[in-house]
Amino acid sequence: YAYLHIAILSRGKKMGKSTGKQFESEIRRSLREMDCWWFRIQDTMDISRYVKAAIAEKQPGDFFIIYHGRAILMECKTTRNRTSFPLYYGDHPSILAHQITKGLACCLHGGESYFVIRRDIPRNKRVWIITATQADKMYKDAKKENRKSVKWTWFKENAYEINIKSKPIRWDILGFLRRRL
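From a predicted model like this one, the values you see are computed outputs, not experimental measurements.

Another aspect to go through is helix α3 (residues 97-108). For α3, which comprises 12 residues, the first-to-last C-alpha distance of 16 Å matches the rise-based estimate of 16 Å (1.5 Å per residue) to within 8%. Among all positions of α3, only H98, Q99, I100, G103 and C106 are buried. Taken together, the buried residues of α3 touch β5 (70-79), β9 (112-119) and α4 (132-144).

Here we come to the sheet that holds strand β12 (residues 160-162). Read from one edge of the open sheet, 6 strands run β3-β4-β5-β9-β10-β12, paired in mixed fashion. A single partner strand is all that each edge strand has here, and the edge strands are β3 (37-40) and β12. Strand-to-strand, the axes of this sheet are offset by a mean angle of 25 degrees, without reference to chain direction. In this sheet, β5 lies alongside strand β4 (residues 63-67) in antiparallel orientation, the contact comprising 5 bridges. Paired with F64 across the two strands is L73, which belongs to β5. Sheet strands in contact with helix α6 (residues 173-180) are β4, β5, β9, β10 (126-131) and β12, and its direction is about 150 degrees off that of β12.

Inspection of the entire model under this criterion finds 16 salt bridges. Where R40 meets E24, a salt bridge forms, and the shortest distance between an N and an O atom there is 2.7 Å. You can see R40 sitting in strand β3 and its partner E24 sitting in helix α1 (residues 18-32), a full 16 residues away along the chain. Overall, R40 belongs to the buried group, its relative accessible area being 14%. Its salt-bridge partner being R180, residue E112 comes within 3.7 Å of it at the nearest N-O pair. Highlighted residues: E112 in strand β9 and R180 in helix α6, separated in sequence by 68 residues. Classification of E112 as buried rests on a relative accessible area of 11%. Exposure remark for R180: the relative accessible area of 44% places this residue in the partly exposed category.

To continue, consider the environment of L73. Mapping L73 onto the fold places it in strand β5. On the basis of relative accessibility, which here comes to 6%, the residue L73 falls in the buried class. Look past the residues within four positions of L73 in its chain and what remains in contact with it is I41, P60, G61, F63, K102, G103, C106, E112, S113 and Y114.

Take the side chain of S30 next. Its location among the elements puts S30 in helix α1. What S30 contacts, discounting residues up to four positions off in sequence, is R170, W171 and I173.

Turning next to the nonpolar core. Of all hydrophobic cores here, the largest spans 22 residues; its most connected members are I27, M34, F63, I65, Y67 and L177. Taken together, the elements giving at least two residues each to this core come down to α1, β4, β5, β9, β10 and α6. Among the elements that take part in this core, α6 stands out by supplying 4 residues, more than any other. In this structure, I27 is in contact with F63, M74, C76, V116, W171 and I173, ignoring residues within four places of it in sequence.

Scoring rules and cut-offs
- Residues numbered from 1 in each chain as written.
- Predicted model: local features only at pLDDT ≥ 70, side-chain atom pairs only at ≥ 80, totals over all residues.
- Heavy atoms only, no water.
- Helix = DSSP H or I, 4+ residues; strand = E, 2+ residues; numbered from the N terminus.
- Expected span 1.5 Å × (residues − 1).
- Buried < 20%, exposed > 50% of the residue type's maximum accessible area, 1.4 Å probe, protein only.
- Contact = heavy atoms within 4.5 Å.
- Pairing = 2+ DSSP bridges.
- Axes fitted to C-alpha atoms, helices over the stretch in contact; angles between N-to-C directions.
- Salt bridge = Lys/Arg side-chain N within 4 Å of Asp/Glu carboxyl O.
- Core = buried A, V, L, I, M, F, W, Y, C linked by side-chain atoms within 4.5 Å.

That is the geometry; function is a separate question.
Written out as structure tokens, the structure reads:
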């Protein structure tokens with residue numbers, strides 16, 4: 001339900017089913033270029049292709065990575081919204097509470113947890129990475145201020161922007177991890 005690769009409504013327009021899956025493929029290609037161990041965590045939508053009426057345990061993220069001995073949990077989110085990142089789609093949060101909680105727990109035990117946010121505008125895709133702590137604060141601040149979205153300027157000021165690599169599209173996650181760890 002919570003992953004953006006299912007059809008959801010945004011400003012009255014139906015988003016394509018492939019938006020989130022396409023982004024995950026781009027991240028997969030990016031991870032293959034890195035000297036790390038990783039795997040894609042399957043969610044209910046992945047499992048339901050094989051089992052009718054599948055119910056999977058809530059997953060903490062999309063990818064689990066080991067880079068230079070450090071455990072990294074990574075969740076990918078994407079939107080076509082041009083002005084801001086929607087914190088909610090209807091009543092459902094874009095980043096689920098258990099993903100933030102599990103991310104914070106990962107950090108508490110010596111790992112890292114990141115949310116990779118893509119603004120999917122044709123020929124102008126941009127990606128930022130925020131920590132679980134930043135995501136938690138972002139939701140708490142938005143709740144206090146009764147906001148349903150965060151302007152892209154917040155990401156430009158507070159998040160780390162990932163550079164794009166073209167043909168095929170990939171993202172410089174390694175550059176981020178080298179600076180961060």
